[in-house]
Amino acid sequence: MMKQLPGFRLSAPRHSQWFLLLFAFLVCRAASAAEIKSPDKQLTLDFSVQPGGVPTYSLTYKGRAVIKPSKLGLELKNTTSLTSGFTITDTKTSSFDETWKPVWGEVKEIRNHYNELALTLTQAETSRTIILRFRLFNDGLGFRYEFPRQPKLDYFTIKEERTQFALAGDHKAFWLPGDYDTQEYSTVTSKLSEVRGLMKSAVTGNASQTTFSPTGVQTPLMLKSQDGLYINIHEAALIDYSCMHLNLDDKSFVLESHLTPDAVGDKGLLQTPALSPWRTIIVSDKAGDILLSKLVLNLNEPTKFKDVSWIKPVKYVGVWWEMITGKSTWSYTNQDNIKLDSIDYRKVKPNGTHGANTAHVKEYIDFAAKHGFDAVLVEGWNTGWEDWFGKHKDYVFDFVTPYPDFNVPELQQYAASKNVKIIMHHETSGSVRNYERHLDSAFQFMNKYGYDAVKTGYVGDIVPLGHHHYDQWMIDHYNYVLKKAADHHIMVNGHEAVRPTGLARTYPNLIGNEAARGTEYESFGGNNADHTTILPFTRLIGGPMDYTPGIFQTKVSAYNPQNNSFVHSTLVRQLALYVTMYSPLQMAADLPETYNKYLDAFQFIKDVAVDWDDTKVLEAEPGDYITYARKAKGKSSWFVGSTCDENGRTSKISLSFLDPKKKYVATIYADAKDAHYEKNPQAYTIRKVTVTNKSKLSQYCAPGGGYAISLIEAGSK
Ligand code: NOJ
Ligand code: CA
């Protein structure tokens, strides 16, 4: 609970002793610097107002510089900016310690423990005040700008936020090109000084739309200093504000915020009282601590939902990979780019490859029921896929009209009789105005037919044109959909939506997001073999990802002879991803016909939990390998997953996390000796051994491989 923080220090610029004594009273009232420490005292935040009234902060970890003195402020449009001319007019410190239980998560309880410094800054010239609020946790720092209601600051337009992160050196960086409309890039690993030179090739060959500068990167940005500090920069609680990118000065290694512009180039329209999102810096000398940090979640508000019983983790299959590979189609006809209102679907010839037909969906429902899955996602069920350009006229998708071969009531009855849910799909084609117009009827339709989850999608340019996927208007849209969905007790999995910032604490119905390059790209040319050794350090820092693992048929040509892509992973590594890519929403993405050929390996996907009591990182190094152990929620069983890069390795772990009083049957799904993600991905072995918390394991991982282990208490089922 809030209390005054002992040991808080105010200091003034160097003046002679007598001056300090003489004006001690004034100094207390108008100090120009302040400092706080994290609860464990390892992190120190220093704040000062520099000559000219420029707010500045710095951060150290165990005495080492994480962020060197860095400026804070905002440039405003058509008025004095909030970047200089400030004095500190009030200083408050407090500390906070609570433990809360997430509705779903990697652990059953989360400790939210920090020391806080809130500085009121007054700009004499304009008589405006802002508050800078810093929260220092044992695992890092969060800070934000607050704009209280006041006569001299009512409506204002942000030209640019000027938050700096001055790094202490030319760190190794795991980065994506800065882009207002896509996050679906391959991660580049390089020194910061190499970002400029690599930017062009990073963009080429990706689904890029715009890069805003030759050194602009996205967050979460993962960094490693030469002396082994791991630093992650992101944001938390992105609400009514535009999404932040980072511009790098590649000579001084200073990063500076770069907000996503709206259709007229503005970076945000705010009315006081208003808040910026939190800017977050997670830091540790252990890579695994970055993965375990709950700082981003903790900086979000607790949920206000009184009833959360309708929110449940989901393991699902779906009519999806067959379309992604080109084996079947979302559209019902072979017509393309024709006006939707000119099609009478009952009269046109079906193309014979439409995936979402009643008979075929029933096969998926049968498969889901037989193997204990909760749900079946069905894409391409509704009219409009032939008229992608109709989105400019606001009539493409109405989200309630099925194709003639998809019988909604019949399928819902069939699914319900087998205790399986159907997951709704709303591809908006980026036509957001159209979607908002139809949202009420679309959610009512879902309620009427018993759908409790929706996958949304925002492929292509946003309409109204000029808006960007991550501008303030779109952030407001995603959050509006989330709230509306909650009113209807609907869970949301947003694809192409903004990267998550821990909002699932407040809105736990946000059970999934894509917001990065997922498995679909294995059918569009492939993901790098080290991709999944990086994503947990970058994209997943903000929240779970609907990565859609589980592809056993690694040659896409097996489904579509025209498609030569292949999955850059061994089959066994696809199993490990259920543990290493945390999500309460997990898909078994391959086709039932393939799973039926590998039922022994499929058993792991059937067994693995999607909600956890506890999580341990056994080994981790971004870009090289990650090994997690997780305990299933409310059960004694544990699951281990390990993923490695293209080089392969031998993983050495101890099972000391197991309950010392119990014995476990370990089923180890491993790459065979000659397995290789490119040359021999489907070579695996499965062995069973009895283990205890004293057991140790040395396990070979093939290039692009890994391993997965289920640990079930001996004698239990
Ligand atoms: C892109 C999404 O990521 C993918 O999952 C979906 O199937 C397609 N859009 C079609 O909506
Ligand atoms: Ca996508």
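What you see is a predicted model, and the numbers here were worked out from it, not measured in a lab. (Residues numbered from 1 in each chain as written. Chains lettered and ligands numbered in written order. Predicted model: local features only at pLDDT ≥ 70, side-chain atom pairs only at ≥ 80, totals over all residues. Heavy atoms only, no water.)

Some thoughts on the pattern of salt bridges
Right, on to step 1. Applying the stated rule across the entire model yields 33 salt bridges.
Right, on to step 2. The salt bridge involving Arg 505 is made with Glu 98; its shortest N-O contact spans 3.1 Å. On the criterion of sequence distance, the pair formed by Arg 505 in the loop between strand S27 (491-494) and strand S28 (510-513) and Glu 98 in strand S7 (residues 86-100) is long-range, its members being 407 residues apart.
Right, on to step 3. Taking the relative accessible area as the measure of exposure, Arg 505 reaches 7% and is therefore buried.
Right, on to step 4. Where Lys 484 meets Asp 440, a salt bridge forms, and the shortest distance between an N and an O atom there is 2.9 Å. In this pair, Lys 484 sits in helix H10 (residues 472-487) while Asp 440 sits in helix H9 (residues 432-449), placing the two residues 44 residues apart along the sequence.
Right, on to step 5. Classification of Asp 440 as partly exposed rests on a relative accessible area of 34%.
Right, on to step 6. Because the salt bridges share partners, they merge into one network encompassing Glu 116, Arg 133, Arg 135, Arg 144 and Glu 146. (Salt bridge = Lys/Arg side-chain N within 4 Å of Asp/Glu carboxyl O. Helix = DSSP H or I, 4+ residues; strand = E, 2+ residues; numbered from the N terminus. Buried < 20%, exposed > 50% of the residue type's maximum accessible area, 1.4 Å probe, protein only.)

Notes on the packing of helix H7 (residues 358-371) against helix H8 (residues 408-417)
Right, on to step 1. Orientation of H7 relative to H8, taken along the N-to-C sense of each, is 15 degrees, at an axis distance of 10 Å. Considering the angle they form, H7 stands roughly parallel to H8. Of the two elements, H7 crosses H8, and the hand of that crossing is right-handed. Between H7 and H8, the residues in contact are Thr 358, Val 361, Lys 362, Ile 365 and Asp 366 and Glu 410, Leu 411, Tyr 414 and Ala 415, respectively.
Right, on to step 2. Counted by class, the contact of H7 with H8 contains 5 nonpolar, 1 polar and 3 charged residues. (Axes fitted to C-alpha atoms, helices over the stretch in contact; angles between N-to-C directions. Parallel < 35°, antiparallel > 145°, perpendicular 65-115°, else oblique. Left-handed = near helix turned anticlockwise from the far one by under 90°. Contact = heavy atoms within 4.5 Å. Nonpolar A, V, L, I, M, F, W, Y, C, P; charged D, E, K, R; others polar.)

A few points about unusual backbone geometry
As a rule of thumb, non-glycine residues mostly have phi less than zero, and peptide bonds are mostly trans rather than cis.
Right, on to step 1. That bond from Thr 219 to Pro 220 is cis: its omega, -5 degrees, falls within 30 degrees of zero.
Right, on to step 2. Within the secondary structure, Pro 220 sits in the loop between strand S15 (216-217) and strand S16 (221-224).
Right, on to step 3. At the junction of Thr 272 and Pro 273, the peptide bond is cis and its omega measures out at -5 degrees in the coordinates.
Right, on to step 4. Looking at where Pro 273 falls in the secondary structure, it is placed in the loop between strand S20 (269-271) and strand S21 (274-275).
Right, on to step 5. Even without being glycine, Lys 62 reaches a positive phi, approximately 50 degrees.
Right, on to step 6. Structurally, the position occupied by Lys 62 is in the loop between strand S4 (54-61) and strand S5 (64-71).
Right, on to step 7. For Lys 62, a relative accessible area of 40% translates into the label partly exposed.

Some details on the sheet that holds S28
Right, on to step 1. Within the open sheet, the 7 strands sit side by side as S28-S27-S26-S25-S24-S23-S29. Their pairing is parallel. The sheet is open, and its two edges are formed by S28 and strand S29 (585-587), each paired on a single side. Neighbour to neighbour, the strand axes of the sheet diverge by 30 degrees on average, direction disregarded.
Right, on to step 2. Relative to S27, strand S26 (residues 453-457) runs parallel, the two sharing 4 bridges. Across the sheet, Thr 456 pairs through a bridge with Gly 494, a residue of S27. (Pairing = 2+ DSSP bridges.)

Some remarks on the site of ligand 1
Right, on to step 1. Around ligand 1, the structure places 13 residues, and the nearest of them are Glu 379, Glu 427, Lys 455, His 495 and Glu 514.
Right, on to step 2. Between His 425 and ligand 1, the recorded distance is 3.5 Å, taken from a side-chain N or O atom to an oxygen atom.
Right, on to step 3. Separating an oxygen atom of ligand 1 from a side-chain N or O atom of Glu 514 is a distance of 2.8 Å.
Right, on to step 4. In the complex, 93% of the free accessible area of ligand 1, which totals 300 Å², lies under the protein chains.
Right, on to step 5. Its residues assigned to classes, the shell around ligand 1 comprises 5 nonpolar, 2 polar and 6 charged. (Near = heavy atom within 4 Å. Polar contact = N/O pair within 3.5 Å; in protein donor to acceptor, adjacent residues only side chain to side chain. Areas by Shrake-Rupley, 256 points an atom, 1.4 Å probe, with all protein chains shown as cover.)

Quick notes on the pairing of strand S10 (residues 140-147)
Right, on to step 1. Counting buried residues along S10, 8 of its 8 residues qualify, which places the element largely inside the surrounding structure.
Right, on to step 2. The alternating pattern of S10 places Gly 140, Gly 142, Arg 144 and Glu 146 and Leu 141, Phe 143, Tyr 145 and Phe 147 on opposite faces, both of which are buried.
Right, on to step 3. Here strand S9 (residues 128-137) runs beside S10; their pairing, made up of 7 bridges, is antiparallel. Within S10, the position partnered with Arg 133 by the bridge is Arg 144.
Right, on to step 4. Strand direction decides the pairing type here: S10 and strand S22 (residues 278-284), joined by 4 bridges, are antiparallel. Looking at the pairing, Gly 140 lines up with Ile 282 of S22.
Right, on to step 5. In the sheet, S10 pairs with S21 via 2 bridges, with the strands oriented antiparallel. When the sheet's bridge partners are listed, Glu 146 is paired in S21 with Leu 275.

Some remarks on the side chain of Ser 186
Right, on to step 1. Within the secondary structure, Ser 186 sits in the loop between strand S13 (172-175) and strand S14 (188-191).
Right, on to step 2. Within polar-contact distance, the side chain of Ser 186 engages the side chain of Arg 517 at 3.5 Å.

Focus on the sheet that holds strand S11 (residues 155-161)
Right, on to step 1. The strand order across the open sheet formed by 3 strands is S6-S11-S20, and the pairing between neighbours is antiparallel. Among the strands making up the open sheet, the edge pair consists of strand S6 (74-76) and S20. Geometrically, the sheet is characterised by an average inter-axis angle of 50 degrees between neighbouring strands, direction not taken into account.
Right, on to step 2. Pairing of S11 with S20 involves 3 bridges; the strand directions are antiparallel. What sits directly across from Tyr 155, in S20, is Gln 271.

Quick word on the coordination of the calcium ion (ligand 2)
Right, on to step 1. Glu 184 (OE), Glu 496 (OE), Glu 514 (OE), Glu 514 (OE) and Glu 520 (OE) make up the full set of protein donors to the calcium ion (ligand 2), lying at 2.3 to 2.5 Å.
Right, on to step 2. For the calcium ion (ligand 2), the 6 donor atoms in the first shell make angles of 51 to 159 degrees at the metal, a pattern classed as irregular.
Right, on to step 3. Along the chain, the residues donating to the calcium ion (ligand 2) are arranged with the sequence spacing E-x311-E-x17-E-x5-E. Placement of the pair is Glu 496 in the loop between S27 and S28 and Glu 514 in the loop between S28 and helix H11 (531-534), with a sequence separation of 18 residues. Each of the two residues, Glu 496 as well as Glu 514, counts as buried. (Donors = N, O, S within 2.8 Å, 3.2 Å for Na, K, Ca; no water. Tetrahedral: all angles 85-135°; square planar, octahedral: opposite > 155°, others 65-115°.)

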